[in-house]
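Spelled out, the chains give:
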Amino acid sequence: MAPRVTVNHLLAEYGRTHAEEAGIRLRNTPAPLYQLLTLCVLFSVRIKADIAVAAAREVFGAGMRTPRAMAAATWQARVDALGRAHYRRYDESTATALGAGAALVLDRYRGDLRRLREEADGDPDRVRELLREVPRIGPVGAGIFCREAQGVWPELRPAFDSRARHAAGRLGLPETPEGLARLVAAEDLPKLAAALVRVELSTGAVETLRETA
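Residues numbered from 1 in each chain as written. Predicted model: local features only at pLDDT ≥ 70, side-chain atom pairs only at ≥ 80, totals over all residues. Heavy atoms only, no water.

## So, the overall build of the chain
Our working rule: Note on conventions: DSSP H or I runs of at least 4 residues are helices, E runs of at least 2 residues are strands, and numbering of each starts at the N terminus. It is over C-alpha atoms that the radius of gyration is taken, and the globule rule equals 2.2 Å times the number of residues to the power 0.38. Residue contacts follow a heavy-atom distance rule, with two residues in contact if any of their heavy atoms lie within 4.5 Å. Surface accessibility follows the Shrake-Rupley procedure with a 1.4 Å probe radius. Residue values consider only the protein chains on display as shielding. Residues scored as positive are Lys and Arg, those scored as negative are Asp and Glu, and His as well as the terminal groups of each chain are ignored. Where a charge lies is defined by one atom per residue type: Lys uses NZ, Arg uses CZ, Asp uses CG and Glu uses CD.
Along the chain, the regular secondary structure elements total 14 helices and zero strands. Mapped in sequence order, the helices and strands of the chain form the string α-α-α-α-α-α-α-α-α-α-α-α-α-α. Taken over C-alpha atoms, the radius of gyration comes to 17 Å for the chain, in line with the 17 Å a tight globule of 213 residues would show. In the chain, of all internal contacts separated by at least 6 residues, the share reaching a separation of at least 24 is 64%. Only carbon and sulfur atoms are counted for the fraction: they give 48% of the accessible area of the chain, which is about 9,900 Å². Of the side-chain charges in the chain, 31 are positive and 27 negative, and the distance between the mean point of each set is 3 Å.

Here it is as structure tokens:
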């Protein structure tokens with residue numbers, strides 16, 4: 001199957017970003033950027049992706065959409081929101097991490113992650129380094145943030161982690177970020193990266209895509 005045909009199938013079947021699933025309309029403005037950070041915190045433990053997304057929806061639905069609202073919410077309100085999404089086992093520690101992260105974003109960046117971007121001065125590695133200062137965010141969480149935010153922060157492009165690149169190789173696609181970036185428009189990079197990760201994590205997805213071809 002030609003690479004662009006494969007990519008079209010990928011985007012059609014798996015090309016929804018985690019931000020979209022969580023109801024985040026990602027733009028380069030403070031609230032949606034913070035919501036993406038919150039989602040990445042929720043992903044940064046060993047938990048199913050659908051539960052992390054559901055937890056984000058519950059947290060946002062409870063009004064905790066900005067760092068100020070998150071910091072103002074009680075710890076119990078955070079725990080309860082996570083519990084409604086069946087975010088078990090990690091609910092209490094994650095509620096603490098969300099509160100501490102909101103405080104950091106308020107104190108260091110005055111509630112606006114665009115200031116983190118400015119501090120990184122166009123260096124994607126520095127963006128990841130600064131993200132990892134947020135409680136609970138590790139390499140995986142920072143990678144998810146960059147993968148999703150590359151649509152609004154062009155200096156992060158192309159962002160494809162090792163799982164995405166491995167899936168690309170299994171599908172006969174280029175295994176370098178630059179090679180993959182040549183297959184789609186810039187605005188579709190987050191969707192392609194998300195689709196490849198889903199394929200890598202989904203049993204039988206590669207075979208299904210090959211059969212579709």
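## Section: the environment of T176
Looking at the element boundaries, T176 is found in the loop between α11 (162–170) and α12 (177–181). Considered as a pair, T176 and R165 are eleven residues apart in the sequence and their alpha carbons are 6.6 Å apart.

## Comments concerning helix α10 (residues 139–149)
Three or four residues apart is the spacing at which side chains of an α-helix point the same way, because the helix has 3.6 residues per turn. This is how the line gets drawn: Accessible area is worked out with a 1.4 Å probe on protein chains only. A residue is then buried under 20% of its type maximum, exposed over 50%, and partly exposed in between.
In terms of burial, α10 is a largely internal element, nine of the eleven residues being buried. If you check which residues of α10 are buried, you get G141, A142, G143, I144, F145, C146, R147, E148 and A149. Buried positions along α10 lie against α2 (18–21), α3 (30–43), α9 (124–131), α11 and α13 (189–201).

## Here's the deal with unusual backbone geometry
Omega for the peptide link from R157 to P158 comes to -10°, which places this bond in the cis form. By secondary structure assignment, the location of P158 is in the loop between α10 and α11. Even without glycine at this site, R89 takes up a positive phi of about 75°. Structurally, R89 can be placed in the loop between α6 (75–84) and α7 (91–109). Under the relative-accessibility criterion, R89 is labelled exposed at 72%. Residues other than glycine seldom take positive phi values, yet R110 does so here, at roughly 50°. With respect to the helices and strands, R110 occurs in the loop between α7 and α8 (114–120).

## A look at helix α1 (residues 3–14)
The line we're drawing: Helices are assigned an expected span. That span is 1.5 Å times one less than the residue count. Each C-beta atom gives one direction from the helix axis, and the arc is the one those directions make.
For α1, with twelve residues, the first-to-last C-alpha span of 16 Å sits near the 16 Å given by 1.5 Å per residue. Within the span of α1, buried status applies to T6, V7, L10 and Y14. Viewed end-on, α1 has its buried residues packed into an arc of 100°, placing them on one side of the element. Those residues of α1 that are exposed and aimed more than 90 degrees away from the buried face are N8 and A12.

## Let's talk about the side chain of R198
Inclusion rule: Identification of polar contacts relies on pairs of N or O atoms within 3.5 Å, with a donor-acceptor requirement for protein atoms, meaning one able to donate a hydrogen and the other able to accept it, and with residues adjacent in sequence counted only if both atoms are side-chain atoms.
Mapped onto the elements, R198 comes out in helix α13. Among the residues examined, R198 registers a relative accessible area of 17% and is labelled buried. Of the polar contacts made by the side chain of R198, one reaches the backbone oxygen of Y14; its length is 3.0 Å. Filtering out sequence-adjacent residues up to four positions away, R198 remains in contact with Y14, R16, T17, H18 and E21.

## Some words on the state of the cysteines
The condition is simple: The disulfide definition used here is simple: a pair of cysteine sulfur atoms within 2.5 Å.
As enumerated under the stated definition, the model contains zero disulfides in all. Counting only cysteine sulfurs, C146 is the nearest neighbor of C40, a cysteine outside any disulfide, at a range of 8.5 Å. The buried category is assigned to C40, whose relative accessible area is 0%. Exposure remark for C146: the relative accessible area of 0% places this residue in the buried category.

## Let's talk about the environment of I51
Its place among the elements puts I51 in helix α4 (residues 49–61). Counting along the chain gives 117 residues from I51 to A168, while the straight-line C-alpha distance between them is 26 Å. In this view, I51 contacts A85, H86 and Y87; residues no more than four positions away in its chain are not counted.

## Concerning the nonpolar core
The test is simple: By nonpolar core is meant a set of buried Ala, Val, Leu, Ile, Met, Phe, Trp, Tyr and Cys residues that side-chain atoms within 4.5 Å join together.
In this structure, L37, L131 and F145 are the most contacted members of the largest nonpolar core, which totals 49 residues. Mapped onto this core, the elements with two or more residues apiece are α3, α4, α6, α7, α8, α9 and α10. Ranked by residues supplied to this core, first place goes to α3 with nine residues. Residues within four places of L131 in sequence aside, it is in contact with L37, L116, I137, A142, F145 and C146. The next biggest cluster of nonpolar side chains, apart from the first, holds 22 residues, and it includes A168, L183, L189 and A193.

These values are about where atoms sit, not about what they do.
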